[in-house]
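So you can see what is in the structure, the chains are spelled out below.
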Amino acid sequence: MDYSLHTRIRAGDPEAFRELFRDHARLVHRHAVRVTGDRAVAEEIVSLTFLEAWRLRAKLRDEGDSPRPWLMGIAVNVLRNTTRAARRHQRALQRLPARETVPDFVDELVGRIADADQLAAVQRALKKLSRSEREVFTLCVWSGLGYAEAAAALGVPVGTVRSRLSRARKRLSKLAEEELRRRREPPRGSGQVQGGRTSAARSHESYEERSE
């Protein structure tokens, strides 16, 4: 009798699902946090992903040594269909403190992500990619899936993953730099810093004139 993990999952073995959750829940959670920017939403995504995995367990095929690509494919679909996550993502970005430290997850692309400004810039830049490019990038770069695993998760050929990832890297690098520069530039005509200094200087001069 075949007692492989795939077979046990298809059979609805509770211990097999506990093993699946123990081995991959953190991966799904990290992936969801990086895509949505909201830990609460990410927890919901994890729950929905494993509920869907249980519902779709009979569709797990005996391919590969791990059910990880199959599970991450389910997570991608859950993220696609969860509009609530997108709305909460927007609110989460507005609530992020200015200097909150975030994990280092895009070294090869935009350098070390060290504050929330950079994280928000990358996330806004990601929105400007096509959905297919965004999904390949998040799976391969953020969640560490190989080309074959990402291809299995998305149901596309390996060559398609490679070409989409190449395009995504090039576009995201440029877009993230533009977003970060735009975020850090003061609004035109605001004159908050220089204007404040000028006003202070004028007040000081007026005081000196009155003193004379």
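So, a few notes on the structure that sits alongside this text.

Here is what the cut-offs are and how they apply
- Residues numbered from 1 in each chain as written.
- Predicted model: local features only at pLDDT ≥ 70, side-chain atom pairs only at ≥ 80, totals over all residues.
- Heavy atoms only, no water.
- Helix = DSSP H or I, 4+ residues; strand = E, 2+ residues; numbered from the N terminus.
- Buried < 20%, exposed > 50% of the residue type's maximum accessible area, 1.4 Å probe, protein only.
- Areas by Shrake-Rupley, 256 points an atom, 1.4 Å probe, with all protein chains shown as cover.
- Phe/Tyr/Trp six-rings, centres within 6.5 Å; stacked < 30°, edge-to-face > 60°.
- Lys NZ or Arg CZ within 6 Å of the ring centre and 35° of its normal.
- Core = buried A, V, L, I, M, F, W, Y, C linked by side-chain atoms within 4.5 Å.
- Contact = heavy atoms within 4.5 Å.
- 1 Å grid on protein atoms, 1.4 Å probe; cavity = no way out; pocket = protein on both sides within 12 Å on 5 of 7 lines; lining within 4 Å.
- Points joined across faces, edges and corners; volume = space filled by probe spheres on them.
- Salt bridge = Lys/Arg side-chain N within 4 Å of Asp/Glu carboxyl O.
- Axes fitted to C-alpha atoms, helices over the stretch in contact; angles between N-to-C directions.
- Parallel < 35°, antiparallel > 145°, perpendicular 65-115°, else oblique.
- Left-handed = near helix turned anticlockwise from the far one by under 90°.
- Expected span 1.5 Å × (residues − 1).
- Arc of directions from axis to C-beta.
- Nonpolar A, V, L, I, M, F, W, Y, C, P; charged D, E, K, R; others polar.

1. Here's the deal with the overall build of the protein
Here's step 1: Tallying secondary structure elements over the protein gives 11 helices and 0 strands in all.
Here's step 2: Order of helices (α) and strands (β) in the protein, N terminus to C terminus: α-α-α-α-α-α-α-α-α-α-α.
Here's step 3: Per-residue burial for the protein yields a buried fraction of 41% across its 212 residues.
Here's step 4: As displayed, the protein offers around 12800 Å² of accessible surface, 48% of which is attributable to carbon and sulfur atoms.

2. A few points about the packing of aromatic side chains
Here's step 1: Summed over the entire model, instances satisfying the criterion amount to 3 aromatic pairs.
Here's step 2: Judged by centre distance (5.8 Å) and plane angle (70°), the ring pair of F137 and W142 falls under edge-to-face.
Here's step 3: Looking at W142, the relative accessible area reads 5%, which means it is buried.
Here's step 4: Over the aromatic face of W54 sits the side chain of R57, whose NZ or CZ is 4.1 Å from the ring centroid.

3. Section: the nonpolar core
One broad trend across soluble globular proteins is that nonpolar side chains are buried collectively.
Here's step 1: Within the largest apolar cluster, 48 residues are counted, with the highest numbers of intra-cluster contacts made by I9, W70, F137 and L139.
Here's step 2: Ignoring any residue separated from it by four or fewer positions in sequence, one finds I9 in contact with A16, F17, L20, R57, L60, P67 and W70.

4. Let's talk about the layout of surface pockets
Here's step 1: Approximately 540 Å³ is the volume found for the largest pocket.
Here's step 2: Looking at the largest pocket, it is lined by 21 residues, and the ones nearest its centre are K59, R61, P69, W70 and A152.
Here's step 3: Elements supplying a minimum of two residues to the lining of the largest pocket: α4 (68-81) and α9 (147-154).

5. Focus: the pattern of salt bridges
Here's step 1: Per the counting criterion, the structure on display carries 11 salt bridges.
Here's step 2: The closest approach of N and O atoms between D23 and R22, which form a salt bridge, is 3.9 Å.
Here's step 3: Residue classification places D23 among the partly exposed positions, given a relative accessible area of 45%.
Here's step 4: With a relative accessible area of 55%, R22 lands in the exposed category.
Here's step 5: One salt bridge in this structure joins E149 and R68, with 2.4 Å as the shortest N-O distance. Taken as a pair, E149 in helix α9 and R68 in helix α4 lie far apart in primary sequence, 81 residues in all.
Here's step 6: Salt bridges sharing partners connect three or more residues here, namely R8, D13 and E19.

6. Points about the packing of α4 against helix α8 (residues 131-142)
Here's step 1: Their axes nearest at 12 Å, the elements α4 and α8 cross at an angle of 135°. When the axis of α4 is compared with that of α8, the two are oblique. The way α4 lies across α8 gives a crossing that is right-handed. Of the residues in α8, those touching α4 at M72, V76 and R80 are R131, E135 and L139.

7. Description of α4
Here's step 1: The end-to-end C-alpha separation of α4 is 20 Å, in line with the 20 Å expected for 14 residues at 1.5 Å each.
Here's step 2: Counting buried positions along α4 gives 10 out of 14 residues, so the element sits mostly inside the fold.
Here's step 3: All of the buried residues in α4 are P69, W70, L71, M72, G73, I74, A75, V76, V78 and L79.

8. A look at α9
Here's step 1: Those residues of α9 lying buried are A150, A151, A153 and L154. Axial view of α9: buried residues confined to an arc of 160°, hence all on one face.
Here's step 2: Two residues or fewer after α9 comes G155, characterised by a positive phi angle close to 70°.

9. A few points about the packing of helix α3 (residues 39-55) against α4
Here's step 1: Following both chains from N to C, one finds α3 and α4 inclined at 120°, their axes separated by 9 Å at the closest point. Here α4 runs oblique to α3, going by the angle between their axes. For the pair α3 and α4, the crossing hand works out as right-handed. Contacts between α3 and α4 pair I45, L48, T49, F50, E52 and A53 from the former with W70, L71, I74, A75, V78 and L79 from the latter.
Here's step 2: Of the residues contributing to the contact of α3 with α4, the split by class is 10 nonpolar, 1 polar and 1 charged.

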